[in-house]
Amino acid sequence: MISRRKAIGLLTAGIMTPAVTRSLNLHQTSKPLKLHTVRAEIQRHFDTLQIPNREYGAYFTGPDRQTDLYASCDIAIARHIMGENLKKSLSKAQRQQWSGYINSFQSPEDGSYSERYHHTQLHANGMTIGALSVLGERQKYQVKLYDAFDTPDKVVPWLEQINWAKQWGASHLFWGGVHCYSLSSGCTQNWLNTVFDWLNKNLDKDTGWWRAGTVYADRHQPLGGSVHILPIYQHHHRQFPYPEKVIDSVLALQLPNGRWLNREKDRTQVMHYLELDALYAFKYMMELAPGYRTGDIYDALHRYARLVLQYWNDPDHAWKNLHPHRILSIVGTFGLLQNLLPKQFVDDRTWTDIFSDIRLYHAKAVEAKS
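This write-up is about the structure you can find in this document. Here the residue index of a chain counts from 1 through its sequence in written order. Where local features are concerned, this predicted model is filtered to residues with pLDDT of at least 70; where side-chain atom pairs are given and counted, the filter is 80 or more; whole-chain, interface and lining totals use all residues. For side-chain calculations, the full set of non-hydrogen atoms in the structure is used, while hydrogens and water are omitted.

1. Details of the layout of surface pockets
So, step 1. With a 1 Å grid laid over protein atoms only, a set of points is called a cavity when a 1.4 Å probe fits there but cannot get out and a pocket when it is open yet has protein on both sides within 12 Å along at least five of seven lines; lining residues have an atom within 4 Å of a point. Grid points are joined across faces, edges and corners, and a volume is the space filled by probe spheres set on the points. Each pocket or cavity is described by its volume, and for the largest pocket that value is around 620 Å³.
So, step 2. Considering the residues around the largest pocket, the lining is formed by 29 residues, among which H119, W168, H172, Y273 and H325 are closest to the centre.
So, step 3. Secondary structure elements are taken from DSSP: a helix is a run of H or I of four residues or more, a strand is a run of E of two residues or more, and numbering for both begins at the N terminus. Looking at the lining of the largest pocket, the elements that each hand over two or more residues are α7 (121–135), α9 (167–182), α14 (273–288) and α16 (324–340).
So, step 4. Residues that form the lining of the largest pocket fall into these classes: 11 nonpolar, 12 polar and 6 charged. Throughout, the ten residues Ala, Val, Leu, Ile, Met, Phe, Trp, Tyr, Cys and Pro are labelled nonpolar, Asp, Glu, Lys and Arg are labelled charged, and all others, Gly among them, are labelled polar.

If you want it as structure tokens, here you go:
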């Protein structure tokens, strides 16, 4: 008899035999997943990561008892996405301790943050803006990282130099840089128009991806890159030109096993960021193109949702060993599934996600006081 853990591994690798598939199907449940139980389990795990005798909000990265900036930001954002209002649930002293710990990683020279979980300075900037936004607190020092693209004359060559072939990672610079600056006190309408003009001109009208004419490093790049750019359209209420093409492209990218990520090292972790990216793309594009290929989209969603239920209900899935940044992808995925499949993912709280929720991007509100 094949173990569930091995079966899920085979399933996510796309090499399930018909017999194994039938075996798993027999154990699938059509019962809705009650997300309040998910919330409670994740929060209990977060509680175990609080560093003893330290500021509230100072967290370990996992069982290895390491520390970094991202664990603290990830947990603040995850709790917000799961429907907790941290401004009400925490005391002012707790919020100040949490933000103080986050800002202890900030450099007074340029406002950048250290201990970034292998991410860029601009990505860390975006993470801290999200965490401090939901805590109702501010950065300690002014961020000078925007200086490289803070005028119309600077921003176009800056956009041109992004590595669009490897844009999944490179677009983090846009997300934590251009996008966050667009919601800061320094942004002008002329600058914003310049950015949107460039983005629209460089869209591939046949796929909906950036950048037209690019040969991507691998199949994951345009989806992983685009979702870090799409929120600027959503948050500024600008019309994205090709929602139907994005839907076509995301549907075409789904693998037979129901996933979008095809990478050996992430074979068993089915709630990865690329899956979250696909769900966000569906959510936003369905708002822009209601009724377009709805049946195909829901077929894709249900195929992926079955994987999620199998993963979450497997006692051996070991998500608690993951860094909180990876747990954040799990939380965000559940938030999008609640929005897209509300009868299957049920809670009395409304979950959100890391891209749609503008409350995670209040750059102006979290800027250091001059």
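2. Some thoughts on helix α15 (residues 294–313)
So, step 1. Multiplying one less than the number of residues by 1.5 Å gives the expected span of a helix. Helix length check: α15 (20 residues) gives 28 Å between terminal C-alpha atoms against 28 Å at 1.5 Å per residue, within 8%.
So, step 2. Within the sequence span of α15, burial applies to I297, A300, L301, Y304, A305, L307, V308, L309, Q310, Y311 and W312. Using a 1.4 Å probe on the protein chains alone, a residue whose accessible area is under 20% of its type maximum counts as buried, one over 50% counts as exposed, and one in between counts as partly exposed.

3. Observations regarding the packing of α14 against α15
So, step 1. Axis lines are fitted to C-alpha atoms, over the contacting stretch for helices. Their N-to-C directions set the angle, which ranges from 0 to 180 degrees. The interhelical angle for the contact between α14 and α15, taken along N-to-C directions, is 150°, at an axis separation of 12 Å. With respect to each other, α14 and α15 are oriented roughly antiparallel. Pair α14 / α15 crosses with left-handed handedness. For the pair formed by α14 and α15, the contact residues are E275, L279, F282 and M286 on the first element and I297, Y298, A300, L301 and Y304 on the second.
So, step 2. Residues of the contact of α14 with α15, tallied by class, amount to 8 nonpolar, no polar and 1 charged. An angle counts as roughly parallel when it lies under 35 degrees, as roughly antiparallel when it exceeds 145, as roughly perpendicular when it falls between 65 and 115, and as oblique in every other case. With the far helix as reference, a near helix turned anticlockwise by less than a right angle produces a left-handed crossing, and one turned clockwise produces a right-handed crossing. Contact criterion: two residues are considered in contact whenever any of their non-hydrogen atoms come within 4.5 Å of each other.

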